[in-house]
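Here's the letter readout for the chains.
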Amino acid sequence: MKATIEEIARIAGVSKTTVSRVLNNKTDGVGAKTRQRIELLLEEMYYCGHSEAHPLQAPRSKTVALILPDITNPFFAELAKAAENYLSKSGYMLFLGNTDFSPEKEAQYLKSFISKRVDGIMLVSTAQTCTPNHRMPAKYGTPCVLMDRKLNSMPYTAGVFTDNEYAVFRSCELLIRNGSTSIAFISGPKDVSTSLERVEGYKASIQQYGLPFDGRLIKFSNYTLDGGYNAIMELASEGIHYTGVIAANDTMAIGAIKALSELSYRIPQDVEVIGFDNIGYSRMCSPPLTTIQQPIIEMGRTASQLLLNAIDGKKLKDRRVYLQPKLLIRESTRKE
Ligand code: RIB
């Protein structure tokens, strides 16, 4: 359903000027609740700007853009492949924008892809940084679907996510049941929703099982091999003792295993290790990694389906889909 500025103003019960101010990010003097109400209507009703500016007035390009933080991370590569597979079967070409963890590049890709008249955008955001360009999909009525990570600047945008908190709660529970009373957590970046949700799952499990909470056991890192390796070396330099390590993704878990081996820890006898994602390397590393299986293929397909429905102007029944992760027990943890 496409809406004009007049319709948005009428439904929101405000003037056209107020809607324009929100559209152009000039929101001083506009109450927070009013702004949120207008933003929701803009995203839900896909405001159509003036025809000369509106990319969706033009005939469809049958192209979709996928913007993601790090194509060298197998999680994102597998996610991109799943999305491309579904979209190409639906007659769409996929353009890829790799932001290399840069919010500035992410903003540039949003602007460039909209100006190139893609029919829709799938976004795995690299950070919570909100830029005016993050308002462009709503402003120009370009359907946008989030994958994997939520964005404070796009609170109502449709998306497909994993239940991160539950997943890490289960991982921590396994280590506690195996006898661990001191568990290190290697997190992703602080300004990424999946990192914060996983830390919450770790804290909830520690609390549920009555373990003492020690903030020194949480290391924020960057979802990379070196990030996992360096976090273990940092814990060693601080003389911090633990018998379990949970890494917020498999890439960091593999880096952590390398560091633990260099420090002469035996896995799992001395320290148990659990990752997150279940990328292909996780079953090939030594020892094979216990991890959380993210439904990567399902996430790519479901997000693609949501986006194509939005492009076809169908009202999205479920704007936010949560997929269930699964704990895969391999040899980096002891048998329960
Ligand atoms: O491996 C990259 C991580 O960042 C994944 O766990 C994914 O959920 C993303 O948030």
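Structure: above.
So, here's what we can say about the structure. Remember, it's a predicted structure, so these values are computed and weren't measured experimentally. (Residues numbered from 1 in each chain as written. Predicted model: local features only at pLDDT ≥ 70, side-chain atom pairs only at ≥ 80, totals over all residues. Heavy atoms only, no water.)

What about the sheet that holds strand 8 (residues 244–247)?
Cut-off, in case you're wondering: Here, any two strands with at least 2 DSSP bridges between them count as paired. Only DSSP runs of H or I reaching four residues or more are called helices, and only runs of E reaching two or more are called strands; each is numbered from the N terminus. For helices, the axis comes from a line fit to the C-alpha atoms of the stretch in contact; other axes are also lines fit to C-alpha atoms, and the angle between any two N-to-C directions lies between 0 and 180 degrees. In this analysis, two residues are considered to be in contact whenever any of their non-hydrogen atoms come within 4.5 Å of each other.
With parallel pairing, 4 strands are arranged side by side in an open sheet as 7-6-8-9. The open sheet has two edge strands with one neighbour each: strand 7 (218–220) and strand 9 (272–274). Adjacent strand axes in the sheet meet at a mean angle of 15° when their direction is disregarded. Packed onto the sheet, helix 8 (residues 193–208) meets strand 6 (183–187) and strand 7 and runs at close to 170° relative to strand 6.

Comments concerning the layout of surface pockets
Note the following rule: Any residue with an atom within 4 Å of a point lines the site, the site being either a cavity, points on a 1 Å grid over the protein atoms alone where a 1.4 Å probe fits but cannot get out, or a pocket, an open set with protein on both sides within 12 Å along at least 5 of 7 lines. Grid points are joined across faces, edges and corners, and a volume is the space filled by probe spheres set on the points. Under this grouping Gly is polar, as are all residues other than the nonpolar Ala, Val, Leu, Ile, Met, Phe, Trp, Tyr, Cys and Pro and the charged Asp, Glu, Lys and Arg.
Volume-wise, the largest pocket comes out at about 300 Å³. If you go around the largest pocket, you meet 14 residues; those closest to its centre are E78, K81, A82, I296 and I297. Here the lining of the largest pocket takes 6 residues from helix 4 (residues 74–89), the largest share from any one element. Across the lining of the largest pocket, the residue classes break down as 5 nonpolar, 4 polar and 5 charged. In this structure, the second largest pocket is lined by N25, T27, R35, Q36, E39, C130, T131, P132, R135, N152, S153 and P155. Along the lines of polarity and charge, the residues of the lining of the second largest pocket split into 3 nonpolar, 6 polar and 3 charged.

A few points about the site of the ligand
Heads up, the condition is: If even one non-hydrogen atom of a residue comes within 4 Å of a molecule or strand, that residue is called near it. Two N or O atoms count as a polar contact when they lie within 3.5 Å, although within protein this holds only if one can serve as hydrogen donor and the other as acceptor, and sequence-adjacent residues are included solely when both atoms are side-chain atoms. For the accessible areas, the method is Shrake-Rupley and the probe is 1.4 Å, while residue cover comes only from the protein chains on display.
In the neighbourhood of the ligand, the contacting residues comprise N73, F75, F76, D148, R149, T194, R198, Y223, A248, N249, D277 and Q294. Residue N249 places a side-chain N or O atom 2.8 Å away from an oxygen atom belonging to the ligand. One of the side-chain N or O atoms of Q294 is found 2.8 Å from an oxygen atom in the ligand. Starting from 280 Å² of accessible surface for the ligand in isolation, the protein chains cover 100%. When contributions to the shell around the ligand are tallied by element, the ones reaching two or more residues are helix 4 and helix 8. Of the residues that constitute the shell around the ligand, the class distribution is 4 nonpolar, 4 polar and 4 charged.

Examining unusual backbone geometry
Filter applied, for reference: For each residue, the accessible area found with a 1.4 Å probe, counting protein chains only, is set against the maximum for its type, and the residue is called buried under 20%, exposed over 50%, and partly exposed in between.
Cis geometry marks the peptide bond from I267 to P268; its omega dihedral reads 10°. Along the chain, the position of P268 falls in the loop between helix 10 (250–262) and strand 9. Along the chain, S286 connects to P287 via a cis peptide bond; the corresponding omega equals 0°. For P287, the position within the fold is in the loop between strand 9 and strand 10 (291–293). Look at D277: it is not a glycine, yet its phi comes out positive at around 130°. Looking at where D277 falls in the secondary structure, it is placed in the loop between strand 9 and strand 10. Note on D277: relative accessible area 4%, which makes it buried.

Concerning the pattern of salt bridges
Put simply, the test is: Basic side-chain nitrogens of Lys or Arg form a salt bridge, by our definition, when they fall within 4 Å of a carboxyl oxygen of Asp or Glu.
If you walk through the whole model with that rule in mind, you get 15 salt bridges. Between R334 and E272 there is a salt bridge, and its shortest N-O distance comes to 3.5 Å. Of this pair, R334 sits in the segment after strand 12 (326–328) while E272 sits in strand 9, and the two are 62 residues apart along the sequence. On the basis of relative accessible area, R334 is assigned to the partly exposed category, the value being 27%. You can call E272 buried: its relative accessible area is 0%. Shared partners join several salt bridges into a network, and the residues in it are R60, D312 and K314.

By themselves, these are just geometric observations and shouldn't be taken as functional.
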